[in-house]
Amino acid sequence: MSTYRPLHDRGVMARWREYLPVTEATPFISLNEGSTPLIHSPKLSERVGRGCEVYIKYEGLNPTGSFKDRGMTMALSKAVEDGAKAVICASTGNTSAAAAAYAARASIACIVLLPAGKIAFGKLAQAFMYGAKVVAIDGNFDDALHLVREIGETEPIAIVNSINPYRLQGQKTASFEIIDVLGDAPDVHILPVGNAGNISAYWMGYQEFHQLGKATKQPRMCGFQAAGSAPIFYNKVVEKPETVATAIRIGNPASWKLASAAITDSGGSIDIVTDAEILSAQQWLAAHEGIFVEPASAASIAGLFKSLENPIPTCPIPRIAEGSKIVCTVTGHGLKDPDIAREQCGSVIPAKAEKGEILRLIAG
Ligand SMILES: *Cc1c(COP(=O)(O)O)cnc(C)c1O
């Protein structure tokens, strides 16, 4: 028999246990998520100028490649504590990847409802490989979430979408980590908004640490939606949301009210970025900082660029004050969506396997 005993010294439930609804009876269903790098970006700092510093919270480095793992470790641990034998979620892709992985770890079944044909290939591959039952519905994410709620009412299956309160509890730990690294909260926090759980969770985390005296201030929360999928910005449900950023292709966000409160109470803003702006920011970040993120994640970088537009910024980000510390969350890894990357790639250079020819080609 193996003598290895997990120490549970990593993962968000171990690191931030005292701030989470965890008891002695809660099992640790963890893949060592969280503690992702907060990377200083000299080039973004220079572009913003006026003594501002920009940091990137690289959530693509979580075990399944997105921030969803922070919430899923909590949701699955509580589901197992409550005796669940199966979990279900609607997903634009990353929630299903995370749910499937943590369900595998917990040895319980996972059912995922996806909008047919609208899932980035990397995410679909994950759900299959982690052994989930994958159901593709003839409808969008909002339809899938509606069905999940209906099924949860009658069946003994735990819902692990962000309407599950443990998800946001787990996700708020990203704010704790940022305060831990910077020594205080930043002045501005920029992130993409889809179902609007993450912006709400970050705000919860910032408020909590401020109240505990671990930060002297709270950042302005600045959310960005894709222009074709921007219900909060337009203050209206979008029946047929469209965007290349499939992770934020949501027309009726579940955490709409919480997100609006976060934006208002923090003195922040909500705005939109176009698909072209998203793809250009995605390429810029990969080529200039070596950080490859999926399209939805690049909405925060596109949003930062938009806030710098001249002469009159159309962007409602409150004018970034001199010397501000700005954090942009990039939510998911670029390898999640290889097709989008391929469409943007240049062509390869064909060559004979011969040194002279290769030297000629790279010189020209
Ligand atoms: C889920 C997700 C989002 C959107 O987060 P919400 O909490 O739904 O607003 C953004 N980017 C990526 C990569 C995601 O997986």
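These numbers come from a predicted model, not from an experiment.

Cut-off values and rules
- Residues numbered from 1 in each chain as written.
- Predicted model: local features only at pLDDT ≥ 70, side-chain atom pairs only at ≥ 80, totals over all residues.
- Heavy atoms only, no water.
- Core = buried A, V, L, I, M, F, W, Y, C linked by side-chain atoms within 4.5 Å.
- Buried < 20%, exposed > 50% of the residue type's maximum accessible area, 1.4 Å probe, protein only.
- Helix = DSSP H or I, 4+ residues; strand = E, 2+ residues; numbered from the N terminus.
- Contact = heavy atoms within 4.5 Å.
- Domains from an automatic or database assignment.
- Buried area = accessible area lost by both parts, 1.4 Å probe.
- Salt bridge = Lys/Arg side-chain N within 4 Å of Asp/Glu carboxyl O.
- Polar contact = N/O pair within 3.5 Å; in protein donor to acceptor, adjacent residues only side chain to side chain.
- 1 Å grid on protein atoms, 1.4 Å probe; cavity = no way out; pocket = protein on both sides within 12 Å on 5 of 7 lines; lining within 4 Å.
- Points joined across faces, edges and corners; volume = space filled by probe spheres on them.
- Nonpolar A, V, L, I, M, F, W, Y, C, P; charged D, E, K, R; others polar.
- Near = heavy atom within 4 Å.
- Areas by Shrake-Rupley, 256 points an atom, 1.4 Å probe, with all protein chains shown as cover.
- Pairing = 2+ DSSP bridges.
- Axes fitted to C-alpha atoms, helices over the stretch in contact; angles between N-to-C directions.

## What about the nonpolar core?
The tendency in soluble globular proteins is for nonpolar side chains to be buried as a group. Grouped together as the largest cluster of nonpolar side chains are 33 residues, with contacts concentrated most on L44, I190, L285, I301, L304 and I326. In terms of residue count, the dominant contributor to this core is helix 13 (residues 295-307) (seven residues). The residues touching I190, leaving out its near neighbours within four places in the chain, are C222, F224, S300, L304, I317, I326, V327, C328 and T329. Residues V22, Y206, I263 and V327 belong to the second largest nonpolar core, which totals 32 residues.

## Regarding the domain arrangement of the protein chain
Structurally, the protein chain comprises domain 1 (11-65 + 165-344) and domain 2 (67-159). Each of domain 1 and domain 2 was reduced to a C-alpha centroid, and the two centroids are 22 Å apart. Tallying the contact residues gives 49 residues for domain 1 and 35 residues for domain 2. For the domain 1 and domain 2 pair, buried surface summed over both sides reaches about 3,400 Å², with 56% attributable to carbon and sulfur atoms. For the pair domain 1 and domain 2, the number of links is three salt bridges. Note that R70 and E59 form a salt bridge whose closest N and O atoms lie 2.6 Å from each other. Our count for the contact surface shared by domain 1 and domain 2 stands at 23 residue pairs in polar contact (both at pLDDT 80 or more). Elements with a minimum of two residues in the side of domain 1 that touches domain 2: helix 1 (12-15), helix 7 (165-171), helix 8 (173-182) and helix 14 (338-344). If you tally residues by element for the side of domain 1 that touches domain 2, the top one is helix 7, at four residues.

## A look at empty space enclosed by the protein
Using the criterion set out here, one finds two cavities of 30 Å³ or more in the structure. Taken as a whole, the largest cavity holds about 320 Å³ of empty space. Forming the boundary of the largest cavity are 29 residues, of which F67, K68, G194, N195 and A247 lie nearest the centre. Listing elements by their share of the lining of the largest cavity, those giving two or more residues are helix 4 (94-106), helix 7, helix 9 (197-211) and helix 13. It is helix 9 that contributes the most residues to the lining of the largest cavity, three residues altogether. For the lining of the largest cavity, a count of residues per class yields eleven nonpolar, 15 polar and three charged. For the lining of the largest cavity, the domains that each give at least three residues are domain 1 (11-65 + 165-344) and domain 2 (67-159). Estimates place the volume of the second largest cavity at around 30 Å³. Lining the second largest cavity are T92, P115, K118, T246 and R249. Looking at the lining of the second largest cavity residue by residue, the classes come out as one nonpolar, two polar and two charged.

## Description of the site of the ligand
Around the ligand, 16 residues are found, and the nearest of them are K68, N94, N195, N198 and T331. Here a nitrogen atom of the ligand sits 2.7 Å away from a polar atom, N or O, in the side chain of T331. For the ligand, whose free accessible area comes to 380 Å², the fraction covered by protein is 96%. For the shell around the ligand, the secondary structure elements donating two or more residues are helix 9 and helix 13. Split into classes, the residues belonging to the shell around the ligand amount to six nonpolar, eight polar and two charged. Here the shell around the ligand gathers at least three residues from each of two domains, domain 1 (11-65 + 165-344) and domain 2 (67-159).

## A word on the sheet that holds strand 3 (residues 86-90)
If you trace the four strands from one edge of the open sheet to the other, you get 5-4-3-6, paired in parallel fashion. Both edges of this open sheet fall to strand 5 (133-137) and strand 6 (158-159), since each of them pairs with a single strand only. Bridge analysis of strand 4 (residues 109-115) against strand 5 gives five bridges, and the strand direction is parallel. Across the sheet, residue L114 finds its bridge partner in strand 5, namely A136.

## Focus: the sheet that holds strand 9 (residues 269-273)
The six strands lie next to each other as 1-2-10-7-8-9, forming an open sheet whose pairing is mixed. Strands with a single pairing partner mark the edges of an open sheet, and in this sheet they are strand 1 (38-40) and strand 9. The sheet shows a mean angle of 25° between the axes of neighbouring strands, taken without regard to direction. Summarising the sheet, strand 7 (residues 188-192) and strand 10 (residues 325-330) pair through three bridges and their orientation is parallel. Along strand 10, the bridge assignment pairs H189 with V327.

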